[in-house]
Amino acid sequence: MAETEGRAPGLEGKKRRLADGGEEAAQQPEGKEAQAERSSFNLNSFSVEKILRESAREKLVFIHGKVGQDCGEAQDAVVILEKTPFCEETLPQLLNKDADLRLQMKNDIYSTHHLYPLPSFNEIKTTVVYPATEKHIKKYLKQEMYLITETADDYKTITSPYLQSQALSLQVDDLYLIAICKRHGVKSVRDLTAEHLPMLQNILKEGQVAISKQYNIPGSQLRIYFHYQPSYYHLHIHFTALGYDAPGTTVERAHLLSSVIENLQTNPEYYQKRTLTFALKADDPLLQKFKEAGRV
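If you're wondering where the values come from, they're calculated on a predicted model, not measured in any experiment.

S.K.: Explain the overall build of the protein to me, using residue names and the numbers behind them.
M.R.: Secondary structure assignment for the protein yields eight helices and 13 strands. Looking at the protein as a whole, 35% of its 296 residues are labelled buried. Taking all contacts inside the protein whose residues are at least 6 apart in sequence as the whole, residues at least 24 apart take part in 65%. Total accessible area computed for the protein in this model is approximately 18500 Å², and 50% of it derives from carbon and sulfur atoms.

So this is what it looks like as structure tokens:
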């Protein structure tokens, strides 16, 4: 793929992220999952300590527990349970005579039921972090959120000095990207000017072409955006399918690449002067810097 100081490496490995059903849509036999290896993580030795966070909308729950408590050498673990999306190929087997349909309420032509399918259709995606550190537990813990209105002056006096102080300790554990800028020193949309337009336009064009060619997903079905604040400070762009309810696409965090390009075409210093709004967790060190400056 052509490159103008930026390209979309790693697109080949991201089909699971772009699949309409959500993450991890691995290739499997049609209508039935391939036989998976049995996990070495023993749920019999796992005891629940507390629910860290749950989301009814995303059908997720984050659980903190202990492993090996009975043996006196308990270690922390985080278990994430996620309801898997429906698969079109298996719907006929799901809605068959062996499923148990229990009536809950009936009103004229409308009725509500509880469906109890065969055990093979009760799959729950389970992510295990073990052994888990205090940092992992804190990461998934539900926290209060604060909305920050960052002016251009705030960025210069609060955010930018904070980023410089954290330069050696930035974490990329949660790396989630498809296109990445190869130029160093471009940390986020705040650093973008009209000088970067050729690079951004190239990433937009070539990224769509590569994804359409490899995964048959047209540009009209892609959501292409930056995060601000980003999860790590080296400019990168997210490509996700519109049908995938990706995290971080809320209005106070996501900035469409096409809008960023248009804004820079209108005003070359748009992101140096624009006031930007974003949310921070209660324990975020950057939030403390804004509090110390009397901005929250």
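S.K.: So, the packing of aromatic side chains: which residues are in play, and what are the values?
M.R.: One pass over the full model with this rule turns up six aromatic pairs. Consider the rings of Tyr 228 and Phe 278, whose centres lie 5.5 Å apart with planes at 85°: the pair is edge-to-face. Residue Tyr 228 is located in the loop between strand S10 (222–227) and strand S11 (236–241), and its partner Phe 278 is located in strand S13 (residues 276–281); the two are separated by 50 residues in the primary sequence. The same class applies to Tyr 228 and to Phe 278, which are both buried. Members of the aromatic cluster, connected to one another through ring pairs, are Phe 41, Phe 46 and Tyr 130. In this structure, Arg 53 packs its charged tip against the face of Phe 62, placed 4.2 Å from the ring centre. Across from the ring centre of Tyr 146, 4.7 Å away, lies the NZ or CZ of Lys 291, which sits over that ring.

S.K.: Any details on helix H4 (residues 152–165)? Residues and values, ideally.
M.R.: Its 14 residues give H4 an end-to-end C-alpha distance of 19 Å, which sits within 8% of 20 Å, the value for a rise of 1.5 Å per residue. Within H4, the axis deviates most sharply at Thr 159, by approximately 35°, and proline Pro 161 lies no more than four positions further along. Here the buried face of H4 lies against strand S8 (145–150), helix H7 (270–273) and helix H8 (285–292).

S.K.: Just give me the short version of the pairing of S10, but keep the residues and values in it.
M.R.: Across the six residues of S10, six count as buried, placing the element largely inside the fold. Here S10 shows two buried faces, one formed by Leu 222, Ile 224 and Phe 226 and the other by Arg 223, Tyr 225 and His 227. The sheet contact formed by S10 and S11 spans four bridges and is antiparallel. In the sheet register, Leu 222 faces S11, and the bridge partner there is Ala 241. Two strands pair when backbone bridges link them, and S10 and strand S12 (residues 254–256) are joined in this way by three bridges, in the antiparallel orientation. Residue pairing in the sheet places Phe 226 in a bridge with His 255 of S12.

S.K.: Just give me the short version of the nonpolar core, but keep the residues and values in it.
M.R.: Counting 38 residues, the largest nonpolar core has Leu 192, Leu 200, Phe 226, Ile 237, Phe 239, Leu 257 and Leu 264 as the members making the most contacts within it. Counting residues per element, this core draws most heavily on helix H5 (residues 197–215), at seven residues. Apart from residues no more than four positions distant in its own chain, Leu 257 is found in contact with Leu 200, Ile 203, Leu 204, Ile 224, Tyr 225, Phe 226 and Ile 237. Grouped together as the second largest cluster of nonpolar side chains are nine residues, Leu 52, Leu 60, Ile 80 and Tyr 140 included.

S.K.: Describe the packing of H4 against H8, naming the residues involved and giving the relevant values.
M.R.: Their axes nearest at 10 Å, the elements H4 and H8 cross at an angle of 145°. Along this stretch, H4 crosses H8, giving a crossing that reads as right-handed. Across the interface between the two elements, Asp 154, Ile 158, Thr 159 and Tyr 162 from H4 touch Pro 285, Leu 286, Lys 289 and Phe 290 from H8. Tallied by class, the residues present in the contact of H4 with H8 amount to five nonpolar, one polar and two charged.

Conventions adopted
Along each chain, residue indices are assigned from 1 in the same order as the chain's sequence is written. Totals for whole chains, interfaces and linings use all residues, but because this is a predicted model, local features are given only for residues with pLDDT of at least 70 and pairs of side-chain atoms are given and counted only at 80 or more. As a rule here, side-chain values come from all non-hydrogen atoms in the structure, and water together with hydrogens is ignored. Here a strand is any run of E in DSSP of at least two residues, a helix any run of H or I of at least four, and the numbering for each starts at the N terminus. Burial here depends on accessible area, computed with a 1.4 Å probe over protein chains only, as a share of the maximum for the residue type. Under 20% is buried, over 50% is exposed, and the range in between is partly exposed. By definition, residues are in contact when any of their heavy atoms lie within 4.5 Å. Computed with a 1.4 Å probe, the accessible areas rest on the Shrake-Rupley method; for each residue, only the protein chains presented here act as cover. We call Phe, Tyr and Trp rings a pair once their centres come within 6.5 Å, taking the six-membered ring for Trp, and we label the pair stacked below 30 degrees between planes, edge-to-face above 60, and tilted otherwise. Sitting over a ring, as applied to charges here, requires NZ of Lys or CZ of Arg to be within 6 Å of the ring centre and within 35 degrees of the ring normal. For a helix, the expected span equals 1.5 Å multiplied by the residue count minus one. Bend is the name given here to the angle between axes fitted to two runs of seven residues, the run ending at a residue and the run starting at it. Strand pairing is assigned whenever DSSP identifies at least 2 bridges connecting the two strands. Side-chain atoms within 4.5 Å are what join buried Ala, Val, Leu, Ile, Met, Phe, Trp, Tyr and Cys residues into a set we call a nonpolar core. Helix axes are fitted only over the stretch in contact, all axes being lines through C-alpha atoms; the angle between N-to-C directions runs from 0 to 180 degrees. Crossing handedness follows the turn of the near helix against the far one: under a right angle anticlockwise gives a left-handed crossing, and clockwise gives a right-handed one. Lys, Arg, Asp and Glu make up the charged group, whereas Ala, Val, Leu, Ile, Met, Phe, Trp, Tyr, Cys and Pro make up the nonpolar group; the residues left over, Gly among them, are polar.

Everything listed here is a matter of coordinates, which is why it stays silent on function.
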